[in-house]
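Structure at a glance
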Amino acid sequence: MRAAIYVRLSRETDETTSPERQRAACEALCEARGWEVVAAEEDIDVSGFSRGLDRPGLQRILTRLAELDVIVFFKIDRLARSTVDFAEIMRRAEHQSVAFVSATEPLDLTSSVGRAMAKVIAVFAELESDSIGMRVSSAHEHLRRQGRYTGGRVPYGYMVVPNPNGAGKVLAANEDEAETIKRIVERVLTKDSLMQIINDLNKEGVPSPGHTSRQTTGKRSDSKQWYTTTLRSLLGNGHLLGQSSRKESEQEAEAANGQD
């Protein structure tokens, strides 16, 4: 049988099931059953809760269903966090006579009973996802009220440092980035165009807000390139005024779903 392995992780921490562990378990199952692995796709830093089926790795597998006999994953919640999404993936796979197999759950998804059980597990995975989101959102609200760092992307002009007044971490001004922001604002006030400003930033090799040297999670880039959209987003960011956003904490709660 021709097998495709699918691995997903919202955010990698010490407590999560690493992509390597997920893939190793799937490969071991395929080897034990004599299946040929013809594809292996990963979606890392991608939430199965907020992104639905809009995941690059998953989409690559779904476009190759005609070439597959079975899709192997670590757990059902790696494949989908929503019963609606799971049902849609199952519908597409069944149309191409492609089976599902979990590397860690004793389910035979080639039978009608097995598919029914999988849907029940998917329901509980969705309930667990909602519960995790609520707990994370509540924890972030508590940290925000204490003035502590809630995780996620580090706003430009700041860096993460140990909390001098107790547990956890806080955001502190990054002097180099603060100076860059000051220069940008001064040039905007003197009516320099955004294009002129980003061209100069790029010539100087100033890392952009999303560069890997600044961000350790979420969307990031190996390119230091600045764009006009980058600059507009920076200048309109409430963090420059020391403001925090409830919406960002809600996004962090979404991203937390599916970490384990």
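All figures in this text were calculated on a predicted structure; none of them were measured in a lab.

1. Description of a negative patch on the surface
Residues Glu175, Asp176, Glu179 and Glu186 make up a contiguous surface patch of negative charge. Position of Glu179 among the secondary structure elements: in helix H6 (residues 175-189). For Glu179, a relative accessible area of 40% gives the class partly exposed.

2. Details of the sheet that holds strand S3 (residues 70-73)
Taken in spatial order, the four strands make up an open sheet running S2-S1-S3-S4, and their pairing is parallel. The open sheet has two free edges, formed respectively by strand S2 (36-44) and strand S4 (99-102), since each of these has just one partner strand. Direction aside, neighbouring strands of the sheet carry axes that sit 25° apart on average. Inspection of the sheet shows S3 paired to S4 by four bridges, in the parallel sense. In the sheet register, Ile71 faces S4, and the bridge partner there is Phe100. Strand contacts of helix H1 (residues 19-33): strand S1 (2-9), S2, S3 and S4, with the helix running at about 160° to S1, the strand carrying the most contacts.

3. A few points about a nonpolar patch on the surface
On the surface, Val185, Val188, Leu189 and Leu235 cluster together to form a nonpolar patch covering roughly 310 Å² of accessible area. The dominant element in the nonpolar patch, judged by the number of residues it contributes, is H6, at three residues. Position of Val185 relative to the elements: it lies in helix H6. Classification of Val185 by relative accessible area gives partly exposed; the value is 33%.

4. Thoughts on the packing of H6 against helix H7 (residues 194-204)
Axis angle and axis distance: for two packed helices, these are the angle between their axes and the distance between the axes, and together they describe the pair. Where H6 contacts H7, the axes come no closer than 10 Å and their chain directions differ by 150°. By the angle class used here, H6 and H7 are roughly antiparallel. Between H6 and H7 lies a crossing whose hand is right-handed. Along its contact with H6, which presents Thr180, Arg183, Ile184, Arg187 and Val188, the element H7 presents Leu194, Gln196, Ile197, Asp200, Leu201 and Glu204. Of the residues contributing to the contact of H6 with H7, the split by class is five nonpolar, two polar and four charged.

5. Description of the confidence of the model for the chain
Per-residue confidence for the chain averages 77 on the pLDDT scale, and 68% of its residues sit at or above 70. Below a pLDDT of 50 lies the segment residues 247-260, which in the model reaches 47 contacts outside its immediate sequence neighbourhood of four places, other chains included.

6. Some words on the pairing of S1
Looking along a regular strand, one sees the side chains alternate between the two faces of the sheet. The element S1 is extensively covered by neighbouring structure, given that seven of its eight residues are classed as buried. Of the strand pairs in this sheet, S1 and S2 are connected by eight bridges, and their pairing is parallel. Along S2, the bridge assignment pairs Arg8 with Asp43. As judged from the four bridges shared by S1 and S3, these two strands associate in the parallel manner. Of the residues in S3, the one forming a bridge with Ile5 is Val72.

7. A word on the nonpolar core
Most often, soluble globular proteins keep nonpolar side chains buried together rather than apart. By size, the foremost hydrophobic cluster in this structure holds 20 residues, and its most contacted members are Leu58, Leu68, Ile71, Leu79, Ile89 and Phe100. Where this core is concerned, the elements lending two or more residues are S1, helix H2 (56-62), S3, helix H3 (76-79) and helix H4 (83-95). Of all the elements, H4 adds the most residues to this core, at four residues. Ranked by size, the runner-up nonpolar core spans eleven residues in total, among them Cys26, Leu29, Val72 and Ala99.

8. Concerning the side chain of Ser208
Examined against the element boundaries, Ser208 turns out to sit in the loop between H7 and helix H8 (228-235). Residues in contact with Ser208, not counting those within four places in the same chain, are Arg214, Ser223, Lys224, Gln225 and Trp226.

9. With respect to the environment of Thr180
Take Thr180: it is sitting in helix H6. Separated by 23 residues in the primary sequence, Thr180 and Gly157 have C-alpha atoms spaced 8.3 Å apart. Contact partners of Thr180, with chain neighbours within four places excluded, come to Tyr156, Leu201 and Val206.

Each value, and the rule that gives it
- Residues numbered from 1 in each chain as written.
- Predicted model: local features only at pLDDT ≥ 70, side-chain atom pairs only at ≥ 80, totals over all residues.
- Heavy atoms only, no water.
- Patch = residues over 30% accessible without salt bridge, like charges linked within 9 Å, V, L, I, M, F, W, Y side chains within 5 Å.
- Areas by Shrake-Rupley, 256 points an atom, 1.4 Å probe, with all protein chains shown as cover.
- Salt bridge = Lys/Arg side-chain N within 4 Å of Asp/Glu carboxyl O.
- Lys, Arg positive; Asp, Glu negative; His and termini not counted.
- Charge placed at Lys NZ, Arg CZ, Asp CG, Glu CD.
- Helix = DSSP H or I, 4+ residues; strand = E, 2+ residues; numbered from the N terminus.
- Buried < 20%, exposed > 50% of the residue type's maximum accessible area, 1.4 Å probe, protein only.
- Pairing = 2+ DSSP bridges.
- Axes fitted to C-alpha atoms, helices over the stretch in contact; angles between N-to-C directions.
- Contact = heavy atoms within 4.5 Å.
- Parallel < 35°, antiparallel > 145°, perpendicular 65-115°, else oblique.
- Left-handed = near helix turned anticlockwise from the far one by under 90°.
- Nonpolar A, V, L, I, M, F, W, Y, C, P; charged D, E, K, R; others polar.
- pLDDT = per-residue confidence, 0-100.
- Core = buried A, V, L, I, M, F, W, Y, C linked by side-chain atoms within 4.5 Å.

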